[in-house]
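So the chains spell out like this:
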Amino acid sequence: MNVVVLGEPLVEFSTAASLDRADLFRLSFSGDALNASVAAAATGASAALVARVGADEFGERLVRFAAGHGVDTRWIVTGEGSTGAYALSADPTGRRAFAYMRAGSAASRMGPGDVDRSPVSTAGVVLLSGVTAALSPSCDQAVRHAAATARGKVVYDPNFRSRLTGPEAARDVLKAVAPHAALVVPSCPGDSGPLFGTDDPHEVLRACLGLGARAAAVTMGAEGVLLGTEDGSVLHVPAIPAESVVDQTGAGDAFAGTLAGWLARGADLVQAVRAGTAAAAISLHGQGGTGRVATTEEIHALIGEAA
Ligand SMILES: O=C(O)C(=O)C[C@H](O)[C@H](O)CO
């Protein structure tokens with residue numbers, strides 16, 4: 001029942017004010033891979049993060065933060081380059097702005113060797129993302145290599161970031177990974193326009209399956225998730241309304257990490273997606289990517305199953 005996530009954990013400086021005016025930031029730790037691995041660990045699955053941090057104070061704190069959330073940090077290597085960081089401005093209206101400080105970071109120097117030194121090939125579920133592939137050519141190779149060598153279920157979150165990559169390169173990674181993927185989790189809108197040229201979730205679903213993914217869960221924010229499998233079945237899973245929204249950052253990662261954890265623990269795809277929607281709703285209550293992590297009890301309570 002184990003999940004392995006590959007990617008860059010980031011130091012996070014967050015504020016509700018605009019980045020060009022804020023002078024007080026909350027320090028925490030985030031990055032799509034860390035957010036997802038924390039969410040996966042919270043499900044009770046064993047969850048490892050394969051990453052690199054720099055030999056600096058923030059790298060050490062970041063590893064302690066991940067371990068404190070139950071993440072297996074044995075494959076977070078301290079290497080050359082700085083620990084990646086970003087500043088985040090987000091408010092309840094959904095407005096978000098990022099400023100990255102990650103070019104040449106320790107994690108951007110990862111490559112296929114990091115995958116070979118990790119438990120990717122034997123993991124029950126391997127969670128990969130387009131953010132990781134977009135960090136550098138060697139990270140792009142690492143993602144493709146991980147998808148090809150994983151013997152468990154590969155879950156791929158395209159997580160398109162125009163500040164890191166372009167549509168063509170992102171599509172290229174998706175095409176390479178999809179044939180190995182048990183599940184692709186594109187957001188619509190978000191990933192859909194740049195990657196598929198449409199914001200119609202049914203078209204996005206068909207496109208993912210057409211690329212060879214065995215299933216796709218198209219996430220549509222408050223509209224829920226459109227889940228389709230290669231056998232032609234399509235199911236709409238409604239979103240769980242959030243009581244209040246502080247910050248949407250990391251909701252998609254909570255969804256992906258939680259569903260990966262549930263899959264690793266033997267849940268079927270529909271149960272795993274339902275659990276993911278609950279975790280995403282709860283994550284909206286916290287500031288930053290890891291400000292609020294759903295417990296399994298909370299997830300069970302929201303999806304109406306006995307804990
Ligand atoms: O955008 C990124 O690369 C990040 O990983 C920063 C945030 O934590 C992430 O976007 C949340 O999904």
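Residues numbered from 1 in each chain as written. Predicted model: local features only at pLDDT ≥ 70, side-chain atom pairs only at ≥ 80, totals over all residues. Heavy atoms only, no water.

Trainee: How should the site of the ligand be read in this particular structure?
Mentor: In the vicinity of the ligand lie 14 residues, with D32, Y100, R102, R161 and D253 positioned nearest. Between an oxygen atom of the ligand and a side-chain N or O atom of S30, the distance comes to 2.8 Å. Contacts to the ligand include N35, whose side-chain N or O atom sits 3.3 Å from an oxygen atom. For the ligand, whose unbound accessible area comes to 320 Å², protein coverage reaches 98%. Under a 2 Å grid-point criterion requiring more than half of the atoms, the pocket assigned to the ligand is the largest pocket. Listing elements by their share of the shell around the ligand, those giving two or more residues are helix 1 (32–42) and strand 8 (96–101). Classifying every residue of the shell around the ligand gives 5 nonpolar, 5 polar and 4 charged. (Near = heavy atom within 4 Å. Polar contact = N/O pair within 3.5 Å; in protein donor to acceptor, adjacent residues only side chain to side chain. Areas by Shrake-Rupley, 256 points an atom, 1.4 Å probe, with all protein chains shown as cover. 1 Å grid on protein atoms, 1.4 Å probe; cavity = no way out; pocket = protein on both sides within 12 Å on 5 of 7 lines; lining within 4 Å. Sits in = over half its atoms within 2 Å of the grid points. Helix = DSSP H or I, 4+ residues; strand = E, 2+ residues; numbered from the N terminus. Nonpolar A, V, L, I, M, F, W, Y, C, P; charged D, E, K, R; others polar.)

Trainee: Would you explain the pairing of strand 1 (residues 2–6) in this entry?
Mentor: Strand residues, when the strand is regular, have side chains that alternate between the two faces of the sheet. The buried fraction of strand 1 is high, at 4 of 5 residues. With 5 bridges connecting them, strand 1 and strand 4 (residues 46–54) associate as parallel partners. For V4, the partnering residue across the bridge sits in strand 4 and is A48. Sheet analysis places strand 1 next to strand 9 (residues 125–129), joined by 3 bridges and oriented parallel. When the sheet's bridge partners are listed, V5 is paired in strand 9 with L127. (Buried < 20%, exposed > 50% of the residue type's maximum accessible area, 1.4 Å probe, protein only. Pairing = 2+ DSSP bridges.)

Trainee: Quick question: what am I supposed to make of the packing of helix 10 (residues 269–283) against helix 11 (residues 296–303) here?
Mentor: Two quantities define a packed helix pair, namely the angle between the helix axes and the distance between the axes. Where helix 10 contacts helix 11, the two axes come as close as 9 Å, and the packing angle between them is 110 degrees. In terms of orientation, helix 10 and helix 11 fall into the roughly perpendicular class. Every pair of crossing elements has a handedness; the one defined by helix 10 and helix 11 is right-handed. Along its contact with helix 10, which presents R274, A275, A278, A279 and I282, the element helix 11 presents E298, I299, L302 and I303. Looking at side-chain class alone, the contact of helix 10 with helix 11 contains 7 nonpolar, no polar and 2 charged residues. (Axes fitted to C-alpha atoms, helices over the stretch in contact; angles between N-to-C directions. Parallel < 35°, antiparallel > 145°, perpendicular 65-115°, else oblique. Left-handed = near helix turned anticlockwise from the far one by under 90°. Contact = heavy atoms within 4.5 Å.)

Trainee: Looking at this structure, I do not really get the sheet that holds strand 8. What am I missing?
Mentor: Across the sheet, which stays open at both edges, the 4 strands sit in the order 3-2-7-8 with mixed pairing between neighbours. The strands lining the two open edges of the sheet, one partner per strand, are strand 3 (26–30) and strand 8. The average angle at which neighbouring strand axes cross in this sheet is 25 degrees, direction not considered. Where helix 2 (residues 57–68) meets the sheet, its contacts fall on strand 2 (10–15) and strand 3, and the angle it forms with strand 3 comes to roughly 65 degrees.

Trainee: I tried to follow the packing of helix 9 (residues 251–264) against helix 10 on my own but got confused; where do I start?
Mentor: The N-to-C vectors of helix 9 and helix 10 enclose an angle of 145 degrees; their axes lie 7 Å apart at closest approach. Handedness of the helix 9/helix 10 crossing: right-handed. Residue-level inspection shows A251, A254, F255, T258, L259, W262 and L263 of helix 9 in contact with helix 10, the latter providing L269, Q271, A272, V273, A275, G276, T277, A279, A280 and S283. Partitioned by chemical class, the residues of the contact of helix 9 with helix 10 number 12 nonpolar, 5 polar and no charged.

Trainee: Help me understand the nonpolar core in this model?
Mentor: General note: in soluble globular proteins, nonpolar side chains tend to be found buried as a group. Residues V3 and L259 are the most contacted members of the largest nonpolar core, which totals 54 residues. The element contributing the most residues to this core is helix 9, with 9 residues. What L259 contacts, discounting residues up to four positions off in sequence, is V155, L183, V185, A272, V273 and G276. (Core = buried A, V, L, I, M, F, W, Y, C linked by side-chain atoms within 4.5 Å.)

Trainee: In this structure, what is going on with the UniProt feature "domain: Carbohydrate kinase PfkB" (unreviewed entry) in the chain? I would like to understand it.
Mentor: Per the UniProt annotation, the sites labelled "domain: Carbohydrate kinase PfkB" (unreviewed entry) are residues 12–290. The span residues 12–290 is 36% helical and 23% strand by assignment, and the distance between its end C-alpha atoms comes to 10 Å. (UniProt positions renumbered as here; feature names shortened; annotations may be inferred.)

Trainee: Looking at this structure, how should I read the side chain of D247?
Mentor: Mapped onto the secondary structure, D247 falls in the loop between strand 14 (234–237) and helix 9. There is no salt bridge for the buried D247, and the closest opposite charge comes from R96, which lies 5.2 Å off by N-O distance. (Lys, Arg positive; Asp, Glu negative; His and termini not counted. Salt bridge = Lys/Arg side-chain N within 4 Å of Asp/Glu carboxyl O.)

Trainee: Help me out: how do you make sense of the pattern of salt bridges in this one?
Mentor: Oppositely charged side chains are able to pair whenever their charged atoms sit close together. Scanning all chains against the criterion turns up 9 salt bridges. For R52, the salt bridge is made with D114, and the minimal N-O distance between the two is 2.9 Å. You can see R52 sitting in strand 4 and its partner D114 sitting in helix 3 (residues 112–116), a full 62 residues away along the chain. Accessibility expressed as a relative area gives 17% for R52, which makes it buried. One salt-bridge network, held together by shared partners, links R52, D114 and R117.

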